[in-house]
Amino acid sequence: MTRFYIIRHAEAEGNLYRRVHGWYDSLITDNGYRQIAALAGRFQDVPIDAVYSSDLFRTRTTAGAIWKPRALALHTRSDLREIGVGAWEDRTWGDLERHDAQELLRFNHSAPEFRVEGAETFDQVQTRMKRALLDLARLHPEQTVAVFSHGTAIRCLQGALRGLGPGEMDALGHSDNTAVTCLEVEDGQARILFENDNSHLPEEISTLARQKWWKEQGGRAADANLWFRPLDMQNEAAWYRAARQDAWLDIHGPRIPFDGEGFVNDALRCWRQDPAQAVVCAMRGDETVGVLQLDLERHAGQDVGYIPFVYMTPQHRKQGLGVQLIGQAVSVYRPLGRRYLRLRCAPDNAVAQRFYRKYGFIKVGEDKGARITLDLLEKYIGYEPNQA
C-alpha cells in the first residue's frame, strides 16, 4: 500500500490577478509564501519518503515546504501539470466572461464538450492524472509520497477515482491553495481518506476565504473579474484627461497646478508605441472602472517595465480590483523580458503606498521632479528557469 498526500500549489499570480493559468508558468504571491510556511508546519512531524511535483514553478516552489526540511530530492513530472488551456492561457476570467461565455460555462462544469484551441479536454486530464498516480504507487510500494499538483488537475483525479467522468464532477468540492487530499493505493485501487483539507490555513491567508466564485451556483461570475480594452487616445483623450485630473486633485489638491495637456501628450506618446496594450481601460462588464498606462520604451534597457499611471474610478476603489491592473502590466511586460515593474508614488499618498506594499512593491529611490518629489517603487516579476 502507498499513502499519498496530494497538495495543491500555494497562491499564485493567476489566483491573485484573476487570470487563467494552466501551463502558464506563474509566480507565487507573497500570501502564497505565507501559505507555504503554514503547510510546512502542518507536515513537520509527518513521515514522507518521496516528493513529486508538476514541473511548473508554482508547484515546485510549494513542494519546498516538504522536501527541503527533509533534504529529500524533488522529482518533477509534466503529467502532474494543471489542465492546459491553450489559447486561453493568461487571459483574464473577465475577458472570457465577456467574449467566450459559452465555452467558459462548459469549463466551469467540466463538460465533455469543452473545446478550446490548443487545450486539453477534461477526459485527457483525468486519464493522465490517474495514470501518474498509479505509476507512482508502483514506484513507491509501502511508502508515503507527497505529490504537488493543481486545482483542476486534482479535482479531475478525485473524480476519476470515484468513477465520475467529465460533466459529472459538479458535486465535488474545490481545493484551497495548499489544501491537502490524502489517499491510499493498493493493488491498483485507491481509497480516499480525506479531501481538500485547508485546516492549516488561518482565514486571513486562505485564498478561498476572500473569493466568492466557488460559493455561488453561478460560478466565477460571483467575483468581480475585469477585462481590458484599448483606450482610443484619438477619441477618448478627454476621458483620460479627466481621470488624470481626478487622480491629481485627489493626491495633491489644488495647490500644485495640473498640467492636463502634458499628461495627455505623454499618454499619446505611449499609445503610439502599442495602441492595443500601452493605454487600456479596465472594464467590469460594460462599465469602465480604471485606466492602466504603460511606457514600453522607458527603462527598457534596465529590464524594467514602467507604469506611468494606474487609476481606479472613485466608486470602484477599495474593492480589491486594483491588483488586476497590476496583473495586466505583468502580462504585458513579462513576455518582453522585463524583470521588474517600476512606478512613481507620492510619499504622502498613504492609501496607494499601502496598496503597493501589499502587492510586493518596495521603495528603490526617489524621483526629484520639477514640481514634486515622488518615491520610486519596484516589484520583481521575473524568475530564473530553475529557481524554486
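Scoring rules and cut-offs
Residues numbered from 1 in each chain as written. Predicted model: local features only at pLDDT ≥ 70, side-chain atom pairs only at ≥ 80, totals over all residues. Heavy atoms only, no water. Pairing = 2+ DSSP bridges. Helix = DSSP H or I, 4+ residues; strand = E, 2+ residues; numbered from the N terminus. Axes fitted to C-alpha atoms, helices over the stretch in contact; angles between N-to-C directions. Contact = heavy atoms within 4.5 Å. Expected span 1.5 Å × (residues − 1). Buried < 20%, exposed > 50% of the residue type's maximum accessible area, 1.4 Å probe, protein only. Arc of directions from axis to C-beta. Core = buried A, V, L, I, M, F, W, Y, C linked by side-chain atoms within 4.5 Å.

Here we look at the sheet that holds strand β3 (residues 74-77)
For step 1, the next point in the chain: Read across the sheet, six strands follow the order β3-β2-β4-β1-β5-β6 without closing on themselves; strand pairing throughout is mixed. Edge strands, defined here as strands with exactly one partner in the open sheet, are β3 and β6 (189-197). Across the sheet, the mean angle from the axis of one strand to that of its neighbour is 20°, orientation sign disregarded.
For step 2, the next point in the chain: This element, helix α7 (residues 151-162), spans β1 (2-8), β4 (144-149), β5 (180-186) and β6 of the sheet and lies at about 140° to β6.

Things to note about α7
For step 1, the next point in the chain: Taking 1.5 Å of rise per residue, 12 residues should cover 16 Å, and α7 covers 17 Å from first to last C-alpha, within 8% of that figure.
For step 2, the next point in the chain: α7 sits mainly inside the fold: 10 of its 12 residues count as buried.
For step 3, the next point in the chain: Check the buried side of α7 and you find it contacts β1, α5 (101-108), α6 (122-139), β4, β5 and β6.

With respect to the sheet that holds strand β12 (residues 362-368)
For step 1, the next point in the chain: Reading across from one edge, β7-β8-β9-β10-β11-β13-β12 is the order of the seven strands in this open sheet, with mixed pairing throughout. Of all strands in the sheet, those with a lone pairing partner are β7 (227-230) and β12, marking the two edges. Within this sheet the neighbouring strands show an average axis-to-axis angle of 30°, counted without direction.
For step 2, the next point in the chain: Bridging between β7 and strand β8 (residues 279-284) involves four bridges; their strand directions are antiparallel. By the bridge assignment, phenylalanine 228 is partnered in β8 with alanine 282.
For step 3, the next point in the chain: Each of β8, β9 (287-295) and β10 (304-312) is contacted by helix α9 (residues 260-273), which is oriented at about 80° to β9, the strand it contacts most.
For step 4, the next point in the chain: Most of the contacts of helix α11 (residues 350-358) go to strand β11 (residues 340-345), to which it runs at about 165°, and overall it touches β10, β11 and β13 (373-380).

Points about helix α8 (residues 237-252)
For step 1, the next point in the chain: For α8, which comprises 16 residues, the first-to-last C-alpha distance of 22 Å matches the rise-based estimate of 22 Å (1.5 Å per residue) to within 8%.
For step 2, the next point in the chain: Residues of α8 that are buried include every one of Tyr240, Ala243, Arg244, Ala247, Trp248 and His252, and no others. Along the axis of α8, the buried positions cluster into a sector of 135°, meaning they face one direction only. Seen from the buried face of α8, the exposed residues on the opposite side, beyond 90 degrees, are Ala238 and Asp250.
For step 3, the next point in the chain: The elements touched by buried residues of α8 are α9, β8, β9 and β10.

Some points on the nonpolar core
Soluble globular proteins tend to pack their nonpolar side chains together in the buried interior.
For step 1, the next point in the chain: With 32 residues, the main nonpolar core has Phe4, Trp88, Phe107 and Val147 as its most contacted residues.
For step 2, the next point in the chain: Listing elements by their share of this core, those giving two or more residues are β1, β2 (50-54), α4 (93-99), α5, α6, β4, α7 and β5.
For step 3, the next point in the chain: Looking at this core, the element that brings in the most residues is α6, giving seven residues.
For step 4, the next point in the chain: The residues contacting valine 147, other than those within four sequence positions of it, are Phe4, Tyr5, Ile6, Ile7, Tyr52, Leu80 and Leu136.
For step 5, the next point in the chain: Counting 29 residues, the second largest nonpolar core, distinct from the first, contains Ala282, Leu325, Leu343 and Tyr356.

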